[in-house]
Amino acid sequence: MGSAKKTESTSRKARIEEMRRAEQSRERRNRVLTITASVLVVTGLVAGGAFLIKSQSDDKDSAASDSKSASGKFVTGKDGVRKWSTKLTQNHVTKDVKYPMEPPVGGDHDQVWMNCNGDVYEAAIKNENAVHSLEHGAVWVTYNSKASDADVKALAEKVKKTPYSLMSPVEDQKDPVMLSAWGHQRTVKGASDPDVGTFFETYVQGKQTPEPGAACTNGLSK
């Protein structure tokens, strides 16, 4: 049993590392394409057309943010993990989003993600950016002032060692320590709770990920 779990963990780590290499390659390719496209934009007419298209897109995004991110409710499984009952929207928007849960586990979000390559934020971050990280397959560790300093420190050390994870305070959440992934969430008793490791193993780049292998770097860092 122990050997099987070790093999599965090694396989997951290798898959994540492969995704990170693919991400870096994709980013290099995108930079080349961006430079090439910039060279081609040489006339005022083209610039004016691009501005018009962008304005129309921004209007659409802003309108989308006025609607609710999703309807539904959490359904708790036998393992204690709460799963959102309906499909979560994935629109990129430019306004604040009113999420039906705190911390949010999905829905409309900002076009820029929070860096989630083992990033630990000591101050609160915007939900809209964190949700984009969840879309990329990250696990988001959150805590409020009721969490012990020892638990916060231990969880931060785990996050720092885990690609596709991030951590930040969320004072308005109902429990001291919570773990979130796209469409999934659970409360844990503290850093030593075995459910912490199980949640990470299951949901870091897990099957729930809408965009597996997407970037967790080159986003926002604060």
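Residues numbered from 1 in each chain as written. Predicted model: local features only at pLDDT ≥ 70, side-chain atom pairs only at ≥ 80, totals over all residues. Heavy atoms only, no water.

Caption draft 1: Summary view of the packing of aromatic side chains. What the rule picks out here adds up to two aromatic pairs. Between F74 and W84, the aromatic rings sit 5.0 Å apart at their centres with planes inclined by 85°, giving edge-to-face as the arrangement. Separated by ten residues along the polypeptide, F74 in strand β1 (residues 74-76) and W84 in strand β2 (residues 82-84) bring together distant segments of the chain. Geometrically, the ring pair formed by F199 and Y203 is tilted, given 4.6 Å between the ring centres and 45° between the ring planes. On the criterion of helical spacing, the pair formed by F199 and Y203 is a turn pair, its members being four residues apart in helix α5 (residues 194-203). Looking at R82, its charged tip hangs above the ring of F74, at a distance of 5.8 Å from the centre. For the cation-ring pair, K158 lies above F200, with the distance from its terminal atom to the ring centre recorded as 4.9 Å. (Phe/Tyr/Trp six-rings, centres within 6.5 Å; stacked < 30°, edge-to-face > 60°. Helix = DSSP H or I, 4+ residues; strand = E, 2+ residues; numbered from the N terminus. Lys NZ or Arg CZ within 6 Å of the ring centre and 35° of its normal.)

Caption draft 2: Geometry of the sheet that holds β2. Pairing within the open sheet is mixed, and its seven strands lie in the order β1-β2-β7-β6-β4-β5-β3. A single partner strand is all that each edge strand has here, and the edge strands are β1 and β3 (117-120). On average, each strand axis in the sheet is tilted by 20° relative to the strand beside it, whichever way the strands run. Note that β2 and strand β7 (residues 184-187) share two bridges and pair antiparallel. The partner of R82 across the bridge, within β7, is Q185. Packed onto the sheet, α5 meets β4 (139-143), β5 (165-169), β6 (177-181) and β7 and runs at close to 10° relative to β6. (Pairing = 2+ DSSP bridges. Axes fitted to C-alpha atoms, helices over the stretch in contact; angles between N-to-C directions. Contact = heavy atoms within 4.5 Å.)

Caption draft 3: Representation of the state of the cysteines. The final tally for this structure, using the stated rule, is one disulfide. In this model, C116 is linked to C216 through a disulfide, with the two sulfur atoms separated by 1.7 Å. Residues C116 and C216 share a disulfide whose torsion about the S-S bond is about -95°; that sign makes it left-handed. Linking C116 in the loop between β2 and β3 with C216 in the segment after α5, this pair joins segments that are 100 residues apart in sequence. In this structure, C116 and C216 share a single accessibility class: buried. (Disulfide = S-S within 2.5 Å. Buried < 20%, exposed > 50% of the residue type's maximum accessible area, 1.4 Å probe, protein only.)

Caption draft 4: Local environment of the nonpolar core. If you look at the biggest cluster of nonpolar residues, it comprises 41 residues, and the most contacted ones within it are V139, V141, L166 and M167. Among the elements of the structure, α3 (127-135), β4, α4 (149-160), β5, β6 and α5 are those that each provide at least two residues to this core. (Core = buried A, V, L, I, M, F, W, Y, C linked by side-chain atoms within 4.5 Å.)

Caption draft 5: Main features of the pairing of β7. Across four bridges, the pairing between β6 and β7 is antiparallel. Bridge pairing links A181 to H184 in β7. Where β6 hands over to β7, the hairpin turn is made up of two residues, of which G183 adopts a positive phi near 80°.

Caption draft 6: Structural detail: α3. Burial analysis of α3 places nine of its nine residues in the buried class, which makes it a mostly covered element. Every buried residue of α3 is accounted for by N127, E128, N129, A130, V131, H132, S133, L134 and E135. Elements in contact with the buried residues of α3: β4, β5 and β6. Positive phi appears at G137, one or two residues downstream of α3, with a value of about 100°.

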